[in-house]
Amino acid sequence: MEKEKIIFIGTPEFAVPILEALINNNYKPVLVITIPDKPIGRKQIITPSPVKITAQKYDISVVQPEKIADFRDELLKLSPDLIVVAGYAQFLSKEILEIPKYGCINIHPSLLPKYRGASPIQYAILNGEKETGTTIILMDEKMDHGKIIAQRKLEIKEEKITFQDLSKKLSALSSSLLIEIIPDWTHGKIKALSQDNSKATFTKILNKEDGRIDWKEPAENIERKIRALNPWPGTFTLLDSKILKILKAEIIQKKEKPGKVFQSENKKLSVGCGENSLILEELQLEGKNPVTGIDFLRGHQNIVSQNLG
């Protein structure tokens, strides 16, 4: 029996295991659509998306339109049975959504309708959620609004889970769920159910300023932010007008003035917060490599008693 003709649309590392799951389960896409290569890092090196790199590894054709709307006619000619979307920053118009025989399905790493939008994994960590999950929806013209095809929960067991770790877990969960539902979906055995829009919550696209630390916040909130926003946009403060990235921290029960640097009882580099304090376990000064808090303190002993901001 001939397999469905699938087109895959996606960009980030989260989408890579999902694409590979399709390939490894005899659903190799006929085409991959991703964003154009763009400059990355301090040296602004032109870099392809993780999805493009993966597609090329498996000899899948790749297109990178600036606007996917401009690629509609080509999609129409390809006449796909199914379009699978994971982590793509552009909206698909009604004209594109209507092209595939079985529609366009989107894989979203949250328990929709909670955490619609661009940053569901980060928000789950920021808000201290004990449970999250993945949802596959039949896309419509509104953001993460479509009917639910399938959903699976994930218990967050690790107390200090990072964005990267949670993203990997949700990507693996999404991959297995997608492969599980494709046969039933394409054979009409699944009825998609409308979301309860009254319970919808939204996340936003994160920018650099979102990573700036306000030391007046409780240490618990700041520590969550450090885990949620690395690697992007990263969490940072200012030291002598230079950007100081905070990569890893630990909460301690100690009261100090918010932003004031001190040494803890075991001589570790620490800073006061609105409630409790943080030991700075790993940090990176602008233009330098990441170091442990202990090593940073050796080279910057004058930081003690300064105020970060």
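Let us look at the structure shown here. None of the values given here were measured: they were computed from a predicted structure.

## So, the nonpolar core
Thought 1: Counting 44 residues, the largest nonpolar core has Phe 8, Ile 105, Leu 166, Leu 178 and Ile 181 as its most contacted members.
Thought 2: Listed by contribution, the elements that provide at least two residues to this core are strand 1 (6-10), helix 1 (16-24), helix 2 (50-57), strand 6 (82-86), strand 7 (104-108), helix 5 (120-126), strand 10 (147-155) and helix 6 (163-186).
Thought 3: Among the elements that make up this core, the one with the highest residue count is helix 6 (10 residues).
Thought 4: Setting aside chain neighbours within four positions, we find Ile 181 in contact with Ile 105, Ile 136, Ile 149, Ala 150 and Ile 190.
Thought 5: Grouped together as the second largest cluster of nonpolar side chains are 21 residues, Ala 219, Val 271, Phe 296 and Ile 303 included.

## Digging into the sheet that holds strand 10
Thought 1: A sheet is described by the order of its strands in space; here 7 strands give the open sequence 5-2-1-6-7-9-10, paired in mixed fashion. Where the open sheet ends on each side, the last strands, each with one partner, are strand 5 (62-63) and strand 10.
Thought 2: Across 2 bridges, the pairing between strand 2 (residues 31-33) and strand 5 is parallel. Looking across to strand 5, one finds that Ile 33 is bridged to Val 63.
Thought 3: The strands that helix 6 touches are strand 1, strand 6, strand 7, strand 9 (131-138) and strand 10; relative to strand 10, the one it contacts most, it runs at about 140 degrees.

## Re the pattern of salt bridges
Thought 1: Across all of its chains, the model carries 13 salt bridges by this definition.
Thought 2: For Lys 169, the salt bridge identified is with Glu 158, shortest N-O distance 3.1 Å. Taken together, the residues span a long stretch of sequence, with Lys 169 in helix 6 and Glu 158 in the loop between strand 10 and helix 6 at a distance of 11 residues.
Thought 3: The partly exposed category is assigned to Glu 158, whose relative accessible area is 34%.
Thought 4: Taking the shortest distance from any N to any O, the salt bridge between Arg 224 and Glu 220 comes out at 3.1 Å. Placement of both Arg 224 and Glu 220 in helix 7 (residues 219-228) is noted, with a separation of 4 residues, approximately one turn of the helix.
Thought 5: In this structure Arg 224 comes out as buried when scored by relative accessible area, which is 18%.

## Observations concerning the packing of helix 1 against helix 2
If you want to describe how two helices pack, look at the angle between their axes and the distance between the axes.
Thought 1: The interhelical angle for the contact between helix 1 and helix 2, taken along N-to-C directions, is 25 degrees, at an axis separation of 9 Å. In terms of orientation, helix 1 lies roughly parallel with respect to helix 2. Both helix 1 and helix 2 take part in a crossing whose hand is right-handed. Between helix 1 and helix 2, the residues in contact are Val 16, Leu 19 and Glu 20 and Pro 50, Val 51, Thr 54, Ala 55 and Lys 57, respectively.
Thought 2: Taken together, the residues that form the contact of helix 1 with helix 2 break down as 5 nonpolar, 1 polar and 2 charged.

Quick notes on the rules
Throughout, a residue's number is its position along its own chain's written sequence, starting from 1. The predicted origin of the model limits local features to residues at a pLDDT of at least 70 and limits the giving and counting of side-chain atom pairs to 80 or more, whereas totals for whole chains, interfaces and linings rest on all residues. As a rule here, side-chain values come from all non-hydrogen atoms in the structure, and water together with hydrogens is ignored. Within this scheme, the nonpolar core is defined by two criteria: the residues are buried Ala, Val, Leu, Ile, Met, Phe, Trp, Tyr or Cys, and they are joined through side-chain atoms within 4.5 Å. Each residue's exposure class comes from its accessible area (1.4 Å probe, protein chains only) as a fraction of the maximum for that residue type: buried when under 20%, exposed when over 50%, partly exposed otherwise. Segments assigned H or I by DSSP are reported as helices when at least four residues long, segments assigned E as strands when at least two residues long, and all are numbered from the N terminus. Should any heavy atoms of two residues lie within 4.5 Å, those residues are counted as being in contact. Note: two strands are recorded as paired if DSSP finds a minimum of 2 bridges between them. All axes here are fitted lines through C-alpha atoms, helices being fitted over the stretch that makes contact, and every angle between N-to-C directions spans 0 to 180 degrees. In what follows, salt bridge is the name for a side-chain nitrogen of Lys or Arg lying within 4 Å of a carboxyl oxygen of Asp or Glu. The labels follow the angle: roughly parallel below 35 degrees, roughly antiparallel above 145, roughly perpendicular from 65 to 115, and oblique for the rest. Crossing handedness is defined as follows: a turn of the near helix away from the far one that is anticlockwise and smaller than a right angle gives a left-handed crossing, while the clockwise case is right-handed. We call Asp, Glu, Lys and Arg charged. Ala, Val, Leu, Ile, Met, Phe, Trp, Tyr, Cys and Pro are nonpolar, and the rest, Gly among them, are polar.

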